[in-house]
Amino acid sequence: MMLTGKARLAGVLGWPVAHSLSPRLHGFWLHRHGIDGAYLPLPVRSEDFLEVVRALPKAGFRGANVTVPHKEAAFALCRDHGRLSDRARRVGSVNTLVFAEDGVIEGDTTDGFGFVANLRQEAPDDRWTRGRAVVLGAGGAARSVVAGLLELPGITELVLANRTLRRAEEVAADLADARIRVCALDGTAAFADHCALVVNTTSVGLKGEQSLPMPLDALDPAALVTDIVYHPLVTPFLAAAQARGNPIVDGLGMLLHQARPGFQAWFGVDPEVDADLRAHVLAGAV
Ligand code: NAP
């Protein structure tokens, strides 16, 4: 699509940003919907972040995604000088900025939305929304996943397991929900039965390591198993779960769905996630 002088502009702020799949993802949607708009990689160092963010609306940008290392700075900016969505306030992080018409910078976090939307699409049998969920890991991504899952009223117990117990306790304290139960990563076997959903958010398996973040021997055979690591697409954890017959969902769809709220706010269309988009984004993953 040729750009006109009225083109809508957005982008992703990060350092480095060359590895980001977001320009490829949003570019696909812009092309598919014939939108007069552009989504640009914006390589910005930490020390320049505030200056650049404040300048972008003055240059006609409608908003931006924020990635490493700017998520906390974006959160503080919106908390102190802008507006935060309820979920961004709860999670304590921002990955999507919208420059509102009244000049206010709005911050949202969409990873939890993307996580749940992906499972809803890939596992429409919604058994995983009822009963006990086990979340492995207590890093930044786990916070979003846990917050997203706690929005589902059918989740009656959420077991949050982490190698560093203190970190899991901090997440539980911040999210303050009586359904959260914390345990060490090596204590998850006790929760494997009567379990509807297991989510790996740890980096175990990221570089093709073969060790599993949780033993699967006692896992309910009907439990849905998902990994938010998407490189490789089928992690050793997912492969092991699939081999014993559990349904699995990979993590790529979370990345694709988390981009939808930003695209809709900047470009006016709620875009769809489908096989063509998956293939296009995967072809750009290294
Ligand atoms: P993070 O904040 O650094 O947290 C990493 C987590 O992994 C922590 O819970 C950490 O435990 C655990 N961990 C790391 N190495 C471990 C090991 N050897 N054994 C056991 N636990 C280990 O990272 P993050 O931002 O949460 O991201 C986690 C992963 O999710 C990354 O691989 C990232 O690429 C992926 N991700 C995917 C999406 C998506 O859209 N699909 C979105 C965001 C992130 P400790 O606390 O004990 O260190």
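Structure's up top.
All figures in this text were calculated on a predicted structure; none of them were measured in a lab. (Residues numbered from 1 in each chain as written. Predicted model: local features only at pLDDT ≥ 70, side-chain atom pairs only at ≥ 80, totals over all residues. Heavy atoms only, no water.)

**Quick word on the overall build of the protein chain**
Defined as follows: Secondary structure counts use DSSP, requiring at least four H or I residues in a row for a helix and at least two E residues in a row for a strand, with both numbered from the N terminus. The buried label goes to any residue with under 20% of its type's maximum accessible area, the exposed label to any with over 50%, and the partly exposed label to all in between, with areas taken from a 1.4 Å probe on protein chains only. Residue contacts are counted whenever heavy atoms from the two residues lie within 4.5 Å of one another. Surface accessibility follows the Shrake-Rupley procedure with a 1.4 Å probe radius. Residue values consider only the protein chains on display as shielding. Positive residues here are Lys and Arg, negative ones are Asp and Glu, while His and the chain termini are left out of the count. Charge placement uses NZ in Lys and CZ in Arg. For Asp and Glu, CG and CD serve respectively.
Looking only at helices and strands, the protein chain features 11 helices and 12 strands. With the C-alpha coordinates aligned to their principal axes, the bounding extent of the protein chain is approximately 60 × 40 × 30 Å. Going through the 286 residues of the protein chain one by one, you find that 50% of them count as buried. Contacts in the protein chain between residues far apart in sequence, at least 24 positions, make up 69% of those at least 6 positions apart. Counting only carbon and sulfur atoms, one obtains 53% of the accessible surface of the protein chain, whose full area is about 13000 Å². Between the averaged position of the 28 positive side-chain charges in the protein chain and that of its 32 negative side-chain charges there is a distance of 2 Å.

**A word on the pairing of strand β6 (residues 105-108)**
Defined as follows: Between any two strands, at least two bridges found by DSSP are needed for them to pair.
Bridge analysis of strand β4 (residues 83-84) against β6 gives 2 bridges, and the strand direction is parallel. Across the sheet, the residue bridging to Arg-83 is Glu-106, located in β6. Where strand β5 (residues 96-99) lies against β6, 4 bridges are found, and the strand directions are antiparallel. Bridge pairing in β6 links Val-98 to Glu-106. The hairpin turn running from β5 into β6, its antiparallel successor, is 5 residues long, and Gly-103 in that turn takes a positive phi close to 90°.

**Comments concerning the site of the ligand**
Where we set the bar: Nearness is judged by heavy atoms alone; a residue qualifies as near a molecule or strand once a single heavy atom is within 4 Å of it. Nitrogen and oxygen atoms within 3.5 Å of one another constitute a polar contact, given that in protein one can donate a hydrogen and the other can accept it, and given that sequence-neighbouring residues count only through two side-chain atoms. Put simply, Ala, Val, Leu, Ile, Met, Phe, Trp, Tyr, Cys and Pro go in the nonpolar bin, Asp, Glu, Lys and Arg in the charged bin, and everything else, Gly too, in the polar bin.
Neighbouring residues of the ligand: 21 residues in total, closest Ala-141, Asn-162, Arg-163, Thr-164 and Ile-228. Between the ligand and the protein, one listed contact pairs an oxygen atom with a side-chain N or O atom of Arg-163 at 2.9 Å. In this structure, Leu-255 approaches the ligand through a main-chain N or O atom, which is 3.3 Å from an oxygen atom. Bound to the protein, the ligand loses 72% of the 920 Å² it would expose on its own. Counting only elements with at least two residues in the shell around the ligand, the list comes to α6 (140-150) and α9 (252-258). Each residue belonging to the shell around the ligand can be placed in one class, and the counts come to 10 nonpolar, 9 polar and 2 charged.

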